[in-house]
Amino acid sequence: MKKFIALFSIFLLIFIFSGCSNKNSQPISDTKFALDTYCTLTVYDKVPKKVLDDGFKAIEDIEKKMSVTIEDSEVSEINKNAGIRPVKVSPDTFYVIKKAIHFSEIEKGYFDITVGPIVNLWNIGTDKARVPSAEEIKAKLPLVNYKNIVLDEKNMTVMLKDKGMSIDLGGIAKGYAADKVAEVLKKEGVKHAIINLGGDVLTIGTKPDGTNWRVGIQTPFKPRGEYFGIVEVGEKAVVTSGVYERYFEKDGKLYHHILNPFTGYPADNHLYSVTIITDTSIDGDALAKVFVMGLDEGLKVAENLPGVEAIFVTDDKKVYITSGLKGNFRITDPEYTLMTK
């Protein structure tokens, strides 16, 4: 089996131009590995390094609660007790699961955190990645149904109705972590910063000189840092899901990690990536899974949501954007073509 497993989820290049009028805006930055990716926090205010440390503590806290690979995490406890009993969780975990269900409704079930049993079959992004048999997938598909998550807000408990069910918050927890970091940094006086959690990019404020950040969107299957287009944003989340994040190849066919919860197979719809631009990273993370819906349906969902913009890239290097990005997004790679829909 020929395999390629990307180390980084998606890299969105942030352009920070020198010559800012605020001389105290020399950045402080640090990078740590968490949430199965490299996380970089960069602050453009005169603050102690402890501020970065506090930001990373917020990330670690979310990971301890929500990672499926940590045996005693709250999510692991929910999965262990599927079909048995409700599990009391923290307000953080409850909120993220409730949000996930909300976005499952918006995305007509194409985003579904109960896809855990299928994720475990494929193991994409690990050294155990493989193509499961059709029989294996068929046996696990009945366990995938977000409507079988039972929430009890009064007692702050979560239960999965059927034994064998499992949730995986990999498609939303990173976004929530970015929002929590922003909350921590703002409380400590930060007014200009970039939070980059393996491609979930969240900006605080503008650049120190008052101008917008320029975010370059990674070119699919090109070396990290190569971008095909640029979008300008103020305080926004810019989140991308793409087939080149984590994948492996077998018999000349590429199998990526964005699974269709209705078929149990990687989504096959001629898309390379979807980038969502919105106010919060948790919303961007969850909405980036409109990827699974395909270009037409996904674009329709993004277009109809207030405060949400999107960039869709097809496998023939055509780029489609929501109407709100017109005049604020430009192609920089001549191999890509901006289309109208």
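Since the model is a prediction, treat every value here as computed from it, not as a measurement.

Q: Is there a simple way to explain the environment of Pro117 in this structure?
A: Its location among the elements puts Pro117 in helix α4 (residues 116-122). Its relative accessible area of 6% is what places Pro117 among the buried residues. Separated by 50 residues in the primary sequence, Pro117 and Ile167 place their C-alpha atoms 8.1 Å from one another. Look past the residues within four positions of Pro117 in its chain and what remains in contact with it is Lys140, Leu143, Gly164, Met165 and Ser166.

Q: Explanation requested: unusual backbone geometry in the structure shown.
A: Note: most peptide bonds trans; most residues except glycine with negative phi. For Met156, which is not glycine, the phi dihedral falls at a positive 55°. Of note, Met156 is situated in the loop between β5 (149-152) and β6 (157-160). Here Met156 falls in the partly exposed class, since its relative accessible area comes to 21%. Its identity as a non-glycine residue notwithstanding, Asp251 has a phi of 50°, on the positive side. By secondary structure assignment, the location of Asp251 is in the loop between β12 (247-250) and β13 (253-256).

Q: Hey, could you run me through the pattern of salt bridges in this one?
A: Oppositely charged side chains can pair when the atoms bearing their charge come close. Applying the stated criterion across every chain yields a total of 20 salt bridges. Between Glu297 and Lys108 there is a salt bridge whose closest N-O contact spans 3.5 Å. Of this pair, Glu297 sits in helix α8 (residues 295-304) while Lys108 is found in the loop between α3 (91-106) and α4, placing the two residues 189 residues apart along the sequence. Given a relative accessible area of 29%, Glu297 falls into the partly exposed group. For Glu183, the salt bridge identified is with Lys180, shortest N-O distance 3.8 Å.

Q: What exactly am I supposed to notice about the sheet that holds strand β4 (residues 87-88) here?
A: Adjacent strands of a sheet pair through backbone hydrogen bonds, lying either parallel or antiparallel. Pairing within the open sheet is antiparallel, and its three strands lie in the order β4-β6-β5. Looking at which strands have only one partner, the edges of the open sheet turn out to be β4 and β5. Here β4 runs beside β6; their pairing, made up of two bridges, is antiparallel. Of the residues in β6, the one forming a bridge with Lys88 is Thr157.

Q: Any chance you could explain the packing of helix α1 (residues 50-66) against helix α6 (residues 173-187) here in plain terms?
A: Relative placement of two packed helices is described by the angle separating their axes and the distance separating the axes. With their axes 9 Å apart at the nearest point, α1 and α6 run at an angle of 150° to one another. Judged on the interaxial angle alone, α6 and α1 are roughly antiparallel. Considering the relative orientation of α1 and α6, their crossing is right-handed. Residues Val51, Asp54, Gly55, Ala58, Ile59, Ile62 and Met66 of α1 form the contact with α6, whose own contacting residues are Ala173, Tyr176, Ala177, Lys180, Val181, Val184 and Leu185. When the residues that make up the contact of α1 with α6 are grouped by side-chain class, the tally is 11 nonpolar, one polar and two charged.

Q: Teacher, can you tell me more about α3 here?
A: For an α-helix the count is 3.6 residues per turn, leaving residues at separations of three or four pointing the same way. If you check α3, its first and last C-alpha atoms are 23 Å apart, about what 16 residues at 1.5 Å a residue would give, namely 22 Å. Listing the buried residues of α3 in full gives Asp92, Thr93, Phe94, Val96, Ile97, Lys99, Ala100, Ile101, Phe103 and Ser104. Where the residues of α3 are buried, they touch α1, α2 (74-80), β5, β6, α6 and α7 (281-287). One or two positions beyond α3, positive phi appears at Lys108, with a value near 55°.

Q: Teacher, can you tell me more about the pairing of strand β8 (residues 200-204) here?
A: Taken residue by residue, a regular strand's side chains alternate between the two faces of the sheet. Counting buried residues along β8, five of its five residues qualify, which places the element largely inside the surrounding structure. What you see with β8 is no split at all: Asp200, Leu202 and Ile204 on one side and Val201 and Thr203 on the other are buried throughout. Summarising the sheet, strand β7 (residues 193-197) and β8 pair through five bridges and their orientation is antiparallel. Across the sheet, Leu197 pairs through a bridge with Asp200, a residue of β8. Hairpin connection between β7 and β8: a loop of two residues separates the two successive antiparallel strands, and Gly198 in this loop has a positive phi of roughly 60°. Bridge count between β8 and strand β11 (residues 237-242): two bridges; the pairing is antiparallel. The residue bridging Leu202 from the neighbouring strand is Ala237, located in β11.

Q: Quick question: what am I supposed to make of the packing of α1 against α3 here?
A: As a packed pair, α1 and α3 sit with axes 10 Å apart at the nearest point and diverge in direction by 70°. Judged by the angle between their axes, α1 and α3 are roughly perpendicular. Contacts between α1 and α3 involve Asp61, Ile62, Lys65 and Met66 from the former and Asp92, Thr93 and Val96 from the latter.

Q: For this particular structure, what's the right way to read α1?
A: The end-to-end C-alpha distance of α1 is 25 Å, a good match for the 24 Å that 17 residues give at a rise of 1.5 Å each. Every buried residue of α1 is accounted for by Val51, Leu52, Asp54, Gly55, Phe56, Ala58, Ile59, Ile62, Lys65 and Met66.

Q: Whenever I open this one, the environment of Phe248 confuses me. Can you help?
A: Turning to its location among the elements, Phe248 is positioned in strand β12. Residue Phe248 is classed as buried on the basis of its relative accessible area of 0%. Between the alpha carbons of Phe248 and Phe228 there is a distance of 23 Å; along the sequence they are 20 residues apart.

The rules behind the values
Residues numbered from 1 in each chain as written. Predicted model: local features only at pLDDT ≥ 70, side-chain atom pairs only at ≥ 80, totals over all residues. Heavy atoms only, no water. Helix = DSSP H or I, 4+ residues; strand = E, 2+ residues; numbered from the N terminus. Buried < 20%, exposed > 50% of the residue type's maximum accessible area, 1.4 Å probe, protein only. Contact = heavy atoms within 4.5 Å. Salt bridge = Lys/Arg side-chain N within 4 Å of Asp/Glu carboxyl O. Pairing = 2+ DSSP bridges. Axes fitted to C-alpha atoms, helices over the stretch in contact; angles between N-to-C directions. Parallel < 35°, antiparallel > 145°, perpendicular 65-115°, else oblique. Left-handed = near helix turned anticlockwise from the far one by under 90°. Nonpolar A, V, L, I, M, F, W, Y, C, P; charged D, E, K, R; others polar. Expected span 1.5 Å × (residues − 1).

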